[in-house]
Amino acid sequence: MIPYLPLNEINAQYNSEIESAVKRILSRGWYIMGEECSTFEREYAEYIGTQYCIGCGNGYDALWLIFNAYKQLGILHDGDKVLVPANTFIASVLAITHNNLRPLFVDPNPTSYLAGEEEMLASIADDTKAVLLVHLYGQNSFSRKLAETCSERGIIIVEDNAQAQGALYQGARTGSLGDAAAHSFYPGKNLGAMGDAGAVTTNNEELANAIKALHNYGSNRKYIHESIGVNSRLDEIQAAVLRIKLRNLDALNKKRQEVAQNLIAGIENPLVQTPFIPDYSQHVFHIFPLLCGSRDALQKHLALKGIETQIHYPSPVHLQECYRQYATLSLPVAERLSQQEISLPCHPLLNDNDIQQIVEAVNNYHS
Ligand SMILES: *Cc1c(COP(=O)(O)O)cnc(C)c1O
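Residues numbered from 1 in each chain as written. Predicted model: local features only at pLDDT ≥ 70, side-chain atom pairs only at ≥ 80, totals over all residues. Heavy atoms only, no water.

Our next topic: the site of the ligand. Not every one of the 14 residues close to the ligand is listed here, only the nearest: G59, D160, Q163, S184 and K189. Y60 is positioned with one of its backbone polar atoms (N or O) 2.9 Å from an oxygen atom of the ligand. Protein chains bury 91% of the 380 Å² of accessible surface belonging to the ligand in isolation. At the level of elements, α4 (59-72) and α5 (90-97) are the ones that each hand at least two residues to the shell around the ligand. (Near = heavy atom within 4 Å. Polar contact = N/O pair within 3.5 Å; in protein donor to acceptor, adjacent residues only side chain to side chain. Areas by Shrake-Rupley, 256 points an atom, 1.4 Å probe, with all protein chains shown as cover. Helix = DSSP H or I, 4+ residues; strand = E, 2+ residues; numbered from the N terminus.)

Note: interface size is frequently given as the accessible area lost on complex formation between the parts. Segmentation of the protein into domains returns domain 1 (7-246) and domain 2 (249-363). When the two sides are added together, the surface that domain 1 and domain 2 hide from each other amounts to roughly 3,300 Å², 61% of it contributed by carbon and sulfur. When residues of domain 1 are sorted by the area they lose upon contact with domain 2, Y113, Y137 and N190 head the list and together hold 23% of the total. Across the contact surface, domain 1 and domain 2 share 1 salt bridge. Summed over the shared surface of domain 1 and domain 2, the result is 20 residue pairs in polar contact (both at pLDDT 80 or more). For the side of domain 1 that touches domain 2, the secondary structure elements donating two or more residues are α1 (7-12), α5, β3 (102-106), β6 (168-169) and α9 (236-246). (Domains from an automatic or database assignment. Buried area = accessible area lost by both parts, 1.4 Å probe. Salt bridge = Lys/Arg side-chain N within 4 Å of Asp/Glu carboxyl O.)

Moving on, we come to the sheet that holds strand β13 (residues 341-344). Pairing between the strands of a sheet is mediated by backbone hydrogen bonds and can be parallel or antiparallel. The 3 strands are arranged β10-β12-β13 in an open sheet whose pairing can be described as antiparallel. The open sheet has two free edges, formed respectively by β10 (272-273) and β13, since each of these has just one partner strand. In terms of strand pairing, β10 meets strand β12 (residues 288-292) through 2 bridges, oriented antiparallel. If you follow V272 over to β12, its bridge partner there is C292. (Pairing = 2+ DSSP bridges.)

Along an α-helix, a turn takes 3.6 residues, which lines up residues three or four apart on a common side. Listed as buried for helix α11 (residues 295-304) are R295, L298, H301 and L302. All buried residues of α11 project into a common sector of 120° when viewed along the axis, lining one side. Pointing more than 90 degrees away from the buried face of α11 are the exposed residues K300 and L304. Structurally, α11 contributes buried residues whose contacts are with β10, β12, α12 (332-340), β13 and α13 (352-363). Of the residues flanking the end of α11, it is G306, one or two places downstream, whose phi is positive at about 80°. (Buried < 20%, exposed > 50% of the residue type's maximum accessible area, 1.4 Å probe, protein only. Arc of directions from axis to C-beta. Contact = heavy atoms within 4.5 Å.)

So, in structure tokens, the structure goes:
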């Protein structure tokens, strides 16, 4: 049996380091907003290549905090339109609508599965106020040309970097490319905590200060509340875990890339489409998406061969029950992806035999 993502095995290598970090925290007796959090924030900002990093509760909160801070700064307003890819995890859209902003769904590119330069440029209108770029599956969706257009028109670029920690665009890390970026450290992400955790990165000092207050009840000084905030903080134990795992992130991403390259090189089946890797950016394969016209049958076939797979995502956001007001939109690429996408195991512990087994199982599939 090849599991989709054996998290306990992936994390086992850090057990002793994490145990000593937890002991260190226990003996200090300081549990939130302490040394581990501020050190992680500094180390992660340095890794991503931004001036500021603010740890918070999870990836959704990171997105929400960015949009809310822009509203509190008077840069975004109720009802403002935000472009967002039609194929993404629902959190990207929830952060927009929970801030009283309006999502405009952009159908992704059928080759990259991303809504990037071409798709966003074609969707920008006079009333576009922000673009949320989602580096889906681990692949960058930022481009200089898009950034130039946005900066000329005063459009904010927010990055959803939940799936792409460590990915590069022309040598710079995703999460350092737009005006602000949200990161999720959900356990299954490329940089995963042992619980919920997230962060915002930015070079904008004003925005960073607003978020620093906002995520701690609108307060930078105890019991002085300058804005209407929330509680979304990164605790010391999660910060310590993230510091340990961050040191190994590049090595593990490299393994993921090798696994993905071997899968792409080995898979030869006219019934499936393997992912496209552009040369100007580095994909970190949080997810290895395969497309297949008879996806459900392929998933059953792989399960019979002992290969566990997942689907990202079985229904696009605009067709979810909670967003029924968008159900009449026509977003054919996102809809097709939701019917054809299947995610193969693609994690750092897969060995050559596992890869061979996956490749053979896919190649032996006949509809
Ligand atoms: C995981 C994820 C999020 C949300 O992160 P959480 O930490 O689970 O809140 C947001 N956007 C995308 C694209 C994600 O994959």
